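An overview of the molecular structure
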Amino acid sequence: MSRRPFTPKVVTANLLVEGDVVYLSADDRWVPALRDAEIQEDEAIAEARLLDASSQSDTVVGVYLAEVKHGPDGPEPVHFREAFRASGPTNYPHGKAHEAQ
Amino acid sequence: MYQYDDFDRAFLAERNAQFRAQVERRLDGSLTEDEFKPLRLMNGVYLQLHAYMLRVAIPYGTLSADQMRVLAELAERWDKGYGHFTTRQNIQYNWPKLRDIPDMLDRLGDVGMHAIQTSGNTIRNVTADHFAGAAADEIVDPRPYAELLRQWSTDHPEFQFLPRKFKIAVTGSPNDRAVTKAHDIGLVAKERDGEIGFEVLVGGGLGRTPMVGKTLREFLPVADLLPYCEAIVGVYNRLGRRDNKYKARIKITVHETGIEEIRNLVEARFAELRPLFDGSDMNALRRIEAQFAPPAFRTSSQLPERLDPALQAWIDTSVTAHKRADHAIVTISVKAHGATPGDASAEQMRLMADLAERYAYGELRISHEQNVILPHVRRADLPAIYAALNKAGLGTANVGLASDIIACPGMDYCALATARSIPVAQGIATALEAIERDIGALKIKISGCINACGHHHVGHIGILGLDRAGVENYQITLGGDGTETMAVGERAGPGFAYDQIVPAVERLVRAYLDLRTDPSETFLAAYRRLGAAPFKAALYPDEEAAHAA
Ligand code: HEM
Ligand code: SF4
């Protein structure tokens with residue numbers, strides 16, 4: 001049985017207190033910007049990072065692996081849902097992308 | 001309006017203190033997320049795409065000016081300055097922090113409001129006709145019955161873990177503005193030999209399997225209301241499919257069991273329950289009814305025949321006949337062209353509260369169409385109200401027209417969404433603004449996934465946002481109807497890409513303008529007369545050309 005090859009992922013979640021979307025960085029911090037997230041290229045390591053992140057339930061909720069692709073400034077979303085999570089709603093300038101500016 | 005008594009206040013304070021302690025225990029790590037999630041859902045707290053969401057019930061859509069001011073205060077102090085009115089007469093705050101939610105609930109408690117049972121597999125906010133107590137066509141004000149049901153269902157120990165959510169709607173008018181046929185239980189007040197009772201509908205719903213509610217009892221006397229509803233929910237609690245969440249609503253139970261068998265089971269259970277209700281429920285109802293006495297109406301002169309055209313246009317769309325000839329019902333459009341349907345800023349909420357106090361005996365309503373109502377207004381005050389609304393961006397004369405769109409939050413906020421709804425609504429409203437008066441009555445309803453929170457099944461034009469291989473795609477349904485003649489819309493054909501859906505809707509309404517016999521024939525009437533074919537031809541012109549070739 002052939003398995004689909006592993007595609008790049010990031011570990012993502014929402015902050016427990018604020019609810020904000022965050023990503024796991026290479027130095028084990030929860031960062032708000034997708035471009036600062038660590039890209040997981042290896043399935044076993046990705047699963048291990050996910051497991052570790054899931055144990056931090058005092059900081060984050062709803063941890064999962066989201067598919068990304070490589071961009072010039074770091075990871076970029078593949079699916080439009082992740083694009084909205086990364087930049088916020090499209091009907092108001094409320095997303096964290098706007099707030100960071 | 002219903003005023004909380006000491007019992008209500010004590011119950012709410014205790015419940016809020018309980019939830020505050022649960023939040024604290026979650027934050028200090030003594031509750032896991034798995035343990036906490038059902039507790040927060042019981043109190044209306046969801047986790048959405050970008051943040052938590054707090055859903056606050058506005059029972060049967062009725063609100064005092066003071067309550068509206070507190071809703072504004074919550075938006076300002078703990079959110080981003082606005083709230084979203086929903087199709088189930090709730091208000092949702094999209095950005096609260098978990099730590100702040102207990103404070104928000106306490107503040108709501110000060111004015112007798114809460115978020116209890118706005119989520120979870122419980123009996124949800126009981127909704128009602130938003131013109132209740134005011135409409136000219138009304139047989140009886142449905143709100144006292146809705147309040148009785150609210151008191152009965154709130155924290156009802158038997159019904160905290162139903163197979164699935166359970167929604168009840170009540171109307172006191174033959175013209176159904178409460179979508180009773182799309183509810184788990186729909187109650188339609190009737191008069192028989194001078195006595196008030198209800199036609200009881202059961203098993204309506206939208207979502208992935210839309211169903212029109214079926215009549216369970218033609219006429220239920222008021223005195224039997226609670227035991228009969230308790231029998232229905234009890235039968236459902238036992239039979240409902242807990243093995244499959246997509247088959248767990250009562251509409252599926254009714255469909256699989258058959259309405260006859262359900263009726264036998266309900267009547268048998270009712271026979272057991274009826275003697276247990278000793279009349280104290282009817283005493284409670286009489287106390288509640290006294291609180292819904294109409295305001296002390298002041299007389300009003302009529303408006304002059306000729307009015308300023310902008311004012312006339314607003315009156316034509318926003319004003320509905322009141323049971324008193326010298327009064328009117330005003331629907332405030334929270335749907336300015338290009339704005340997010342149902343969103344109101346804190347300033348707008350405050351202005352509406354002020355207007356209610358000054359001109360509407362202190363009362364407001366929220367409609368399932370995501371607008372705000374001033375239920376009792378002296379006709380002579382209409383010009384002043386319009387002027388004040390217009391200054392605040394609330395004077396849009398589009399109620400009932402193409403841009404008065406119901407849209408769910410969709411993928412801009414909702415974690416379950418498969419596509420966005422809000423920008424589609426914004427695009428359609430803007431595109432049709434210039435011709436919508438010519439188009440006339442038209443209901444466009446948009447959902448961002450198959451759960452159908454935006455009622456797309458019952459839109460004259462329904463739009464369902466889907467994810468087709470990683471791209472937003474929009475399916476159109478035609479001929480839906482959410483009133484007493486409820487019909488589920490039919491799929492028109494293949495879906496449209498995000499940048500094609502607004503032009504597609506534009507083609508549809510332009511086709512209607514060509515097809516109608518005269519301006520008095522509405523979109524729905526033309527669709528019913530002609531069937532889907534000419535509308536499909538307008539939606540898929542290339543296909544037509546291919547067939548012709
Ligand atoms: C934003 C978070 C929301 C979530 C997670 C959510 C979830 C759901 C789900 C799962 C269903 C399908 C239930 C079923 O078929 O068993 C549903 C139905 C429904 N929801 Fe929502 N919803 C949300 C927001 C809203 C909003 C904003 C409204 C009002 C605008 C709304 C009103 C409704 C209505 C009217 C239905 C269909 C009627 C029914 O069959 O129950 N919901 N919702
Ligand atoms: S219809 Fe779907 S997208 Fe819209 S609010 Fe309901 S669950 Fe969310």
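Computed from a prediction, not measured in an experiment: that's the story for all the values here. Residue numbers run consecutively from 1 along every chain, following the written order of its sequence. To read the labels, note that chains go from A and ligands from 1, taken in the order they are written. Per-residue local features of the predicted model are confined to residues with pLDDT of at least 70, and side-chain atom pairs are confined, for both listing and counting, to 80 or more; whole-chain, interface and lining totals are unaffected and use all residues. Note: side-chain values were computed over all heavy atoms of the structure, leaving out hydrogens and water.

**Structural notes on the layout of surface pockets**
Residues and elements named next belong to chain B. Here the second largest pocket defines a volume of roughly 670 Å³. In the cavity and pocket records, a cavity denotes points on a 1 Å grid over the protein atoms alone where a 1.4 Å probe fits but cannot get out, a pocket denotes an open set with protein on both sides within 12 Å along at least 5 of 7 lines, and lining residues are residues with an atom within 4 Å of a point. Together, 34 residues line the second largest pocket, and D176, R177, E369, K443 and T483 are the ones closest to its centre. Numbering of helices and strands runs from the N terminus, with a helix taken as a DSSP run of H or I at least four residues long and a strand as a DSSP run of E at least two residues long. Of all the secondary-structure elements, those providing two or more residues to the lining of the second largest pocket are α10 (309-318) and β11 (319-321). In this count, Pro and Cys sit with the nonpolar residues alongside Ala, Val, Leu, Ile, Met, Phe, Trp and Tyr, while Asp, Glu, Lys and Arg are called charged and the others, Gly among them, polar. Its residues assigned to classes, the lining of the second largest pocket shows ten nonpolar, 15 polar and nine charged. Grid points are joined across faces, edges and corners, and a volume is the space filled by probe spheres set on the points.

**Section: the sheet that holds strand β2 (residues 21-24) of chain A**
Taken together, five strands build an open sheet; the order of strands is β3-β2-β1-β4-β5 (chain A) and the sheet is antiparallel. Two strands in the sheet have a free side with no partner beyond their single neighbour: β3 (30-31) and β5 (74-77) of chain A. Each pair of strands is called paired provided DSSP finds at least two bridges between the two strands.

**Considerations on the coordination of the iron atom of ligand 1**
Shown as donors are all N, O and S atoms within 2.8 Å of a metal ion, widened to 3.2 Å for Na, K and Ca; because water is not in the atom set, sites may appear incomplete. Just one protein atom donates to the iron atom of ligand 1; it is B:C453 (SG), sitting 2.2 Å from the metal. Mapped onto the secondary structure, B:C453 falls in the loop between β17 (444-447) and β18 (461-468).

**Looking at the site of ligand 2**
Any residue with at least one heavy atom within 4 Å of a molecule or strand is counted as near it. By nearness alone, every residue bordering ligand 2 is listed as B:C408, B:P409, B:G410, B:C414, B:L416, B:A417, B:S447, B:G448, B:C449, B:N451, B:A452 and B:C453. Looking at side-chain class alone, the shell around ligand 2 contains eight nonpolar, four polar and no charged residues.

**Here's the deal with the nonpolar core**
Residue and element names in this part refer to chain B. M68, L71, I101, W314, V372, L374 and L382 are the most contacted members of the largest nonpolar core, which totals 60 residues. For the domain bounds, the source is a domain assignment made automatically or taken from a database. In terms of domain composition, this core takes at least three residues from each of domain 1 (6-110) and domain 3 (309-391). Two residues form a contact once any of their heavy atoms are found within 4.5 Å. Ignoring anything within four residues of it in the chain, the contact list for L71 reads I58, L63, I91, Y93, L108, M113 and M349. As used in this record, nonpolar core signifies buried Ala, Val, Leu, Ile, Met, Phe, Trp, Tyr and Cys residues forming a set joined through side-chain atoms within 4.5 Å. Exposed residues in this analysis have more than 50% of their type's maximum accessible area, buried residues have under 20%, and partly exposed residues fall in between, with area computed by a 1.4 Å probe over protein chains only. In this structure, F198, V254, M282 and I288 belong to the second largest nonpolar core, which totals 49 residues.

**Concerning the packing of helix α1 (residues 6-27) of chain B against helix α4 (residues 101-110) of chain B**
Packed helix pairs are specified by the crossing angle of their axes together with the interaxial distance, meaning the distance between the axes. All names here are of chain B. Where α1 meets α4, the closest approach of the two axes is 9 Å, and the angle between their N-to-C directions is 175 degrees. Between α1 and α4, the angle falls in the class roughly antiparallel. The residues of α4 that touch α1, namely those facing L12, N16, F19, R20 and V23, are I101, P102, D103, L105, D106 and G109. For the contact of α1 with α4, the class distribution of residues is six nonpolar, two polar and three charged. Helix axes are fitted to C-alpha atoms over the stretch in contact, other axes to C-alpha atoms as well, and angles between N-to-C directions run from 0 to 180 degrees. To sort the angles, those under 35 degrees are grouped as roughly parallel, those over 145 as roughly antiparallel, those from 65 to 115 as roughly perpendicular, and the leftovers as oblique.

**Description of the packing of α10(B) against helix α12 (residues 382-391) of chain B**
All names here are of chain B. At a minimum axis separation of 11 Å, α10 and α12 run at an interaxial angle of 95 degrees. Classified by the interaxial angle, the pair formed by α10 and α12 is roughly perpendicular. In this structure, α10 uses A310, L311, W314 and I315 to contact α12, whose residues at the interface are L382, P383, I385, Y386 and L389.

**Focus on the pattern of salt bridges**
Side chains carrying opposite charge are able to pair once their charged atoms draw close together. All names here are of chain B. A side-chain nitrogen of Lys or Arg and a carboxyl oxygen of Asp or Glu constitute a salt bridge if their distance falls within 4 Å. The full count for this structure, using the stated rule, is 42 salt bridges over all chains. A salt bridge links R26 to E33, with the shortest nitrogen-to-oxygen separation between them at 2.8 Å. Overall, E33 belongs to the buried group, its relative accessible area being 15%. Between E363 and R143 there is a salt bridge, with the nearest N and O atoms lying 3.5 Å from each other. Within this pair, whereas E363 is found in strand β14 (residues 363-366), its partner R143 is found in helix α5 (residues 143-153), the two being separated by 220 residues in sequence. The burial state of E363 is the same as that of R143; both residues are buried.

**Section: empty space enclosed by the protein**
One simple way to see leftover space: roll a probe sized like a water molecule over the atoms. Residue and element names in this part refer to chain B. What the rule picks out here adds up to five cavities of 30 Å³ or more. Considering only enclosed or pocket space, the largest cavity measures out at about 90 Å³ in volume. Lining the largest cavity are A57, H114, I116, Q117, I123, R124, N125, V126, R150, S153 and T154.

**Notes on the packing of aromatic side chains**
Stacked, edge-to-face and tilted labels apply to pairs of Phe, Tyr and Trp rings (six-membered ring for Trp) whose centres lie within 6.5 Å, assigned for plane angles under 30 degrees, over 60, and everything in between, in that order. Enumeration according to the criterion identifies 17 aromatic pairs over all chains in this entry. When the ring of A:Y92 is compared with that of B:Y82, the centres are 4.7 Å apart and the planes differ by 50 degrees; the resulting orientation is tilted. Note that A:Y92 is positioned in the loop between α2 (80-87) and α3 (96-100) and B:Y82 in strand β4 (residues 82-85), a pairing that runs across two chains. The exposure class assigned to B:Y82 is buried, which follows from its relative accessible area of 6%. In this structure an aromatic cluster arises from ring pairing among B:Y512, B:F523, B:Y527 and B:F535. A cation over an aromatic ring shows up here: B:K80 above the ring of B:W95, its NZ or CZ 4.8 Å from the ring centre. Positioned above the aromatic ring of B:Y498, the side-chain terminus of B:R420 is 4.2 Å from the ring centre. Whether a charge sits over a ring depends on NZ of Lys or CZ of Arg being within 6 Å of the ring centre and within 35 degrees of the ring normal.

**As for the side chain of B:R40**
For B:R40, the location among the structural elements is in helix α2 (residues 33-42). Other than its neighbours up to four places away in sequence, B:R40 contacts B:F19, B:E33, B:V45, B:Y46, B:L47 and B:Y52.

**Side note on the domain arrangement of chain B**
Residue and element names in this part refer to chain B. Once the domains are mapped, chain B shows domain 1 (6-110), domain 2 (134-289), domain 3 (309-391) and domain 4 (406-548). Its C-alpha centre places domain 2 at a distance of 31 Å from the equivalent point of domain 4. Contacts between the two partners involve twelve residues from domain 2 and, on the opposite side, eleven residues from domain 4. In total, about 1,100 Å² of surface goes out of reach between domain 2 and domain 4, with carbon and sulfur atoms giving 68% of it. For the pair domain 2 and domain 4, the interface holds zero salt bridges. Throughout this description, a polar contact denotes any pair of N or O atoms lying within 3.5 Å of each other; where both atoms belong to protein, one of them has to be capable of donating a hydrogen while the other can accept it, and for residues adjacent in sequence the pair is counted only when both atoms sit in side chains. Run the count over domain 2 and domain 4 and you get four residue pairs in polar contact (both at pLDDT 80 or more). The residue inventory of the side of domain 2 that touches domain 4, partitioned by class, reads seven nonpolar, two polar and three charged. As used here, buried area is the combined drop in accessible area, with a 1.4 Å probe, of two parts when they are placed together.

**Some points on the interface of chain B and chain A**
When the parts of a complex come together, some accessible area is lost, and that lost area is often taken as the interface size. At the interface, 32 residues of chain B touch 23 residues of chain A. For the pair chain B and chain A, the two sides together bury roughly 2,300 Å², of which 57% comes from carbon and sulfur. When residues of chain B are sorted by the area they lose upon contact with chain A, B:L49, B:H50 and B:M411 head the list and together hold 23% of the total. Joining chain B to chain A, the criterion identifies eleven residue pairs in polar contact (both at pLDDT 80 or more). Of all elements in the fold, only α1, α13 (422-432) and β19 (471-478) of chain B reach the threshold of two or more residues within the side of chain B that touches chain A. Among the elements that line the side of chain B that touches chain A, the one with the most residues is α13(B), at three residues. Tallied by class, residues from the side of chain B that touches chain A come to 16 nonpolar, six polar and ten charged.

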